[in-house]
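Each chain, written out:
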Amino acid sequence: MPAQDNMFELLRNKSILAILDGDVDFGEIETTDSTGNIKISMPYLSGPTLCDISSRFGLPVTYGWNGGAQSRWAYLDDLLAYCI
């Protein structure tokens, strides 16, 4: 199936990647107690964590500790491209 016909390719949109890697909140739950509203977001995924997740899915990736590391969204995009 061509990539443009695969609906999962939508996950590779930069705004979706920002939600999936924990950069962007995507709403709030309104509460009635004194703690206030609760932000809804995915957990923040660090570069090393994304590399570990990628390796668990069969995509060997190492984190560039001394420079040369990709941005977090790029690691996630590579993983999604690999899995799709």
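The structure presented is a predicted model; accordingly, all values stated were derived computationally and were not measured.

About the thresholds
Residues numbered from 1 in each chain as written. Predicted model: local features only at pLDDT ≥ 70, side-chain atom pairs only at ≥ 80, totals over all residues. Heavy atoms only, no water. Disulfide = S-S within 2.5 Å. Buried < 20%, exposed > 50% of the residue type's maximum accessible area, 1.4 Å probe, protein only. Core = buried A, V, L, I, M, F, W, Y, C linked by side-chain atoms within 4.5 Å. Helix = DSSP H or I, 4+ residues; strand = E, 2+ residues; numbered from the N terminus. Contact = heavy atoms within 4.5 Å. Phe/Tyr/Trp six-rings, centres within 6.5 Å; stacked < 30°, edge-to-face > 60°. pLDDT = per-residue confidence, 0-100.

Would you mind showing me how to read the state of the cysteines here?
Covalently bonding the sulfur atom of one cysteine to the sulfur atom of another cysteine gives a disulfide. If you walk through the whole model with that rule in mind, you get zero disulfides. Free cysteine Cys51: the closest other cysteine sulfur is in Cys83, separated by 14 Å. The exposure class assigned to Cys51 is buried, which follows from its relative accessible area of 4%.

Where do I start with the nonpolar core in this structure?
Most often, soluble globular proteins keep nonpolar side chains buried together rather than apart. Leu17, Leu45, Leu50, Cys51, Tyr75, Leu76, Leu79 and Leu80 form the largest nonpolar core, which has eight residues in total. Among the elements of the structure, helix H2 (47-56) and helix H3 (72-83) are those that each provide at least two residues to this core. Broken down by element, the residue count for this core peaks at four residues, all from H3. The contacts of Leu80, once residues within four sequence positions are left out, are Leu11, Arg12, Leu17 and Leu20.

Sorry if this is basic, but what is going on with the packing of aromatic side chains here?
In this description, a pair of aromatic rings is defined by centroid distance and the angle of the planes. If you walk through the whole model with that rule in mind, you get two aromatic pairs. Ring centres of Tyr63 and Trp65 lie 4.7 Å apart, and the angle between their planes is 70 degrees; this geometry places the pair in the edge-to-face category. Judged by its relative accessible area of 27%, Tyr63 falls in the partly exposed class. Geometrically, the ring pair formed by Tyr63 and Tyr75 is tilted, given 6.1 Å between the ring centres and 40 degrees between the ring planes. Residue Tyr63 is located in the loop between H2 and H3, and its partner Tyr75 is located in helix H3; the two are separated by twelve residues in the primary sequence. Exposure remark for Tyr75: the relative accessible area of 3% places this residue in the buried category. Aromatic ring contacts, followed pair by pair, group Tyr63, Trp65 and Tyr75 into a single cluster.

Honestly, the confidence of the model for the protein chain in this entry has me stumped. Any pointers?
As a note on interpretation, predicted positions should not be read in detail where pLDDT is low. In the predicted model, the protein chain carries a mean pLDDT of 90, and the fraction of residues at 70 or more is 95%. Taken element by element, the protein chain is modelled with least confidence in strand S2 (residues 38-39), mean pLDDT 88, and with most confidence in H2, mean pLDDT 96.

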